[in-house]
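# Architecture at a glance
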Amino acid sequence: MAEATEKLAQPRLQIALDTTDMPSALRPLNAAIDQIDVIECGTILIIAEGLRAVREIRALYPDKTILADVRIAEAGALIARNCFEAGANWVSVVAGASLTTVEQVVKVADEFGGEVQIELGEDYDADKARKWKELGAKHVIVHRSRDAEAAGTLKWGEDDVERIRELHAMGFTVTVTGGVNVRDIPFFEGAPVGVIISGRGIVKADDPLAAATELKNTIRTVWPE
């Protein structure tokens with residue numbers, strides 16, 4: 001008997017709000033919200049506006065999943081607690097953080113019923129990833145860097161898909177990001193992607209709702225239910 005093929009769930013669509021003020025974050029968010037599954041209060045937005053960004057968006061959308069993309073490197077318990085108290089569901093930790101820091105963040109996340117996301121760099125250490133999973137991290141991000149993408153020097157490849165498969169097999173929800181557009185999405189067909197992030201593709205669009213709808217329709221086509 002042939003081995004059953006795993007049925008892949010449709011990835012969720014995450015909007016990345018990396019603007020430098022709240023009005024320019026809220027305009028596209030409010031327009032596109034019907035197509036958005038996860039709201040990312042991006043690093044740039046939180047640097048500019050502080051955790052007010054999380055609090056205000058939580059007040060507007062009490063039922064949406066919110067990521068505070070603070071990229072924790074140390075002081076994990078303190079930063080995580082502030083994020084969860086502001087209303088975040090998820091917080092991000094950089095891959096270079098110590099295992100002690102990851103453990104502290106996970107412990108605080110558990111208090112709030114939250115989840116921890118590890119942001120991978122260009123280097124990938126599968127053994128370390130397994131340790132993150134053992135500590136209780138639930139998500140990982142595989143991405144093209146913003147700077148490398150802008151320079152046109154980094155493209156998605158089969159190595160990325162293999163990394164996604166390996167991380168999924170460890171038990172992680174895998175997020176992909178880095179200028180992902182409707183032309184990129186079919187490349188990931190058959191891969192166990194959990195979340196697809198779009199930032200500027202929605203935020204800078206003339207019609208954010210139309211842009212988000214096109215992304216969602218493409219996701220539904222590539223990962224039919």
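To be clear, the structure that these remarks concern was listed above.
Everything quoted here is computed from the prediction, not taken from an experiment. (Residues numbered from 1 in each chain as written. Predicted model: local features only at pLDDT ≥ 70, side-chain atom pairs only at ≥ 80, totals over all residues. Heavy atoms only, no water.)

### Brief notes about unusual backbone geometry
A positive phi is found at Arg-71, a non-glycine position, where the angle reads about 50°. For Arg-71, the position within the fold is in strand S3 (residues 65-72). A residue is classified by how much of its surface remains accessible, and Arg-71, at 39% relative accessible area, is partly exposed. A positive phi angle, near 50°, is found at Ala-75, a position not held by glycine. (Helix = DSSP H or I, 4+ residues; strand = E, 2+ residues; numbered from the N terminus. Buried < 20%, exposed > 50% of the residue type's maximum accessible area, 1.4 Å probe, protein only.)

### Some details on the sheet that holds strand S1 (residues 12-17)
Strand order in this closed barrel of 8 strands is S1-S2-S3-S4-S5-S6-S7-S8, and the pairing throughout is parallel. Each strand of the sheet is rotated relative to its neighbour by a mean of 25°, with strand direction disregarded. Here S3 pairs with strand S4 (residues 90-94) via 3 bridges, running parallel. Looking at S4, one finds that Leu-67 is bridged to Trp-90. Strands in contact with helix H5 (residues 99-112) are S3, S4 and strand S5 (115-119); relative to S5, the strand with the most contacts, it is inclined by about 150°. Lying over the sheet, helix H10 (residues 208-222) contacts S1 and strand S8 (195-198), oriented at roughly 150° with respect to S1. (Pairing = 2+ DSSP bridges. Axes fitted to C-alpha atoms, helices over the stretch in contact; angles between N-to-C directions. Contact = heavy atoms within 4.5 Å.)

### What to know about the layout of surface pockets
If a probe as big as a water molecule is rolled over the atoms, it shows which places are left empty. The computed volume of the second largest pocket comes to approximately 170 Å³. Around the second largest pocket, the lining is made up of 14 residues, and of these Ala-9, His-168, Pro-192, Val-193 and Gly-194 lie nearest the centre. Considering only residue class, the lining of the second largest pocket consists of 7 nonpolar, 4 polar and 3 charged. (1 Å grid on protein atoms, 1.4 Å probe; cavity = no way out; pocket = protein on both sides within 12 Å on 5 of 7 lines; lining within 4 Å. Points joined across faces, edges and corners; volume = space filled by probe spheres on them. Nonpolar A, V, L, I, M, F, W, Y, C, P; charged D, E, K, R; others polar.)

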